[in-house]
Amino acid sequence: QVKSVLELGAGCGLCGLLLAANGFDVTLTDTSSGYSGAQKTWDNMVKNVEANAEMIEGGGGKIRPMDLDWTNSKLAVPRVDLAIGADIIYEPHLFRALMDTIKRSSARAILIQNVARAGTEQFRALCKAECSHFSSAAVSMDEFDSSFPA
């Protein structure tokens, strides 16, 4: 059963905020200095955590932001039940660091990705080579509920 979640490359933190509001213990991660504009992204994520604190507490969850640069293997990464990421696979020079961070954090991960983005197949190949229980599935937008706004 999943209770603790690590969101990698959280950006604004939406996925983790929703999980925390529904009772999960979430660590939101992103870097505050790894790229141009990173500090603004980090500051926005922290503000979103603060702005949603009451909702998260009411839902029985916990949330904390963590500055995490995947390329710094000396940083401690919390062990969790599940690592997640949404649209974080697009910089091939970071794929090895991302894979290592996932492996350090959890035995299970769910990554949601635009499969048309360059590098997705390269990352899938890395996962297949290194993860004995790796599986992936492409889901077409046609499979979503037609009432869902595109």
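The preceding data block contains the structure.
Scope of this entry: the structure provided in the associated data block. (Residues numbered from 1 in each chain as written. Predicted model: local features only at pLDDT ≥ 70, side-chain atom pairs only at ≥ 80, totals over all residues. Heavy atoms only, no water.)

A few words now on the overall build of the chain. Summing up its helical and strand segments, the chain has 5 helices and 5 strands in all. The order of helices and strands in the chain, counted from the N terminus, is β-α-β-α-α-β-β-α-β-α. Relative to the globule expectation of 15 Å for 150 residues, the C-alpha radius of gyration of the chain, 16 Å, shows essentially globular dimensions. In terms of overall dimensions, the chain has a C-alpha envelope of 45 × 40 × 35 Å along the principal axes. (Helix = DSSP H or I, 4+ residues; strand = E, 2+ residues; numbered from the N terminus. Rg over C-alpha atoms; globule rule 2.2 N^0.38 Å.)

Judged by pairing direction, the sheet is parallel, and its 5 strands sit side by side in the order 3-2-1-4-5 without closing on themselves. The open sheet has two free edges, formed respectively by strand 3 (62–67) and strand 5 (109–112), since each of these has just one partner strand. Ignoring which end each strand starts from, the neighbouring axes of this sheet average 20° apart. For strand 1 (residues 4–7) and strand 4 (residues 82–86), the ladder comprises 3 bridges, and the chain directions are parallel. By the bridge assignment, Glu7 is partnered in strand 4 with Ile84. Of the strands in this sheet, strand 2 (25–30) and strand 3 touch helix 2 (residues 38–51), which is tilted by about 165° from strand 3. (Pairing = 2+ DSSP bridges. Axes fitted to C-alpha atoms, helices over the stretch in contact; angles between N-to-C directions. Contact = heavy atoms within 4.5 Å.)

As a rule of thumb, non-glycine residues mostly have phi less than zero, and peptide bonds are mostly trans rather than cis. Within the chain, Asp87 stands out as a residue other than glycine whose phi angle is a positive 55°. Among the residues examined, Asp87 registers a relative accessible area of 31% and is labelled partly exposed. (Buried < 20%, exposed > 50% of the residue type's maximum accessible area, 1.4 Å probe, protein only.)

Mapped onto the elements of the fold, Gly119 is located in the loop between strand 5 and helix 5 (120–130). When the C-alpha atoms of Gly119 and Leu82 are compared, they prove to be 23 Å apart, with 37 residues separating the residues in sequence. Dropping the residues within four chain positions of it, Gly119 is found in contact with Ile89 and Phe95.

Attention shifts here to the pairing of strand 2. Counting buried positions along strand 2 yields 5 of 6 residues, so the element is predominantly enclosed. As paired elements, strand 1 and strand 2 share 4 bridges and run parallel to each other. Residue pairing for strand 2: Val5 is matched across the bridge by Val26. In this fold, strand 1 hands off to helix 1 (residues 14–21), which returns the chain to strand 2; that crossover is right-handed. In the sheet, strand 2 pairs with strand 3 via 6 bridges, with the strands oriented parallel. From the neighbouring strand, Asp30 faces strand 3, where its bridge partner is Asp67. (Right-handed = clockwise from strand over helix to strand, strands pointing away.)

Summed over all chains, the structure comprises 1 aromatic pair. Look at Phe95 and Phe123: their rings are 5.3 Å apart centre to centre, the planes differ by 70°, and that puts the pair in the edge-to-face class. Highlighted residues: Phe95 in helix 4 (residues 95–105) and Phe123 in helix 5, separated in sequence by 28 residues. Given a relative accessible area of 3%, Phe123 falls into the buried group. (Phe/Tyr/Trp six-rings, centres within 6.5 Å; stacked < 30°, edge-to-face > 60°.)

Function-wise, these values are silent; they only describe arrangement.
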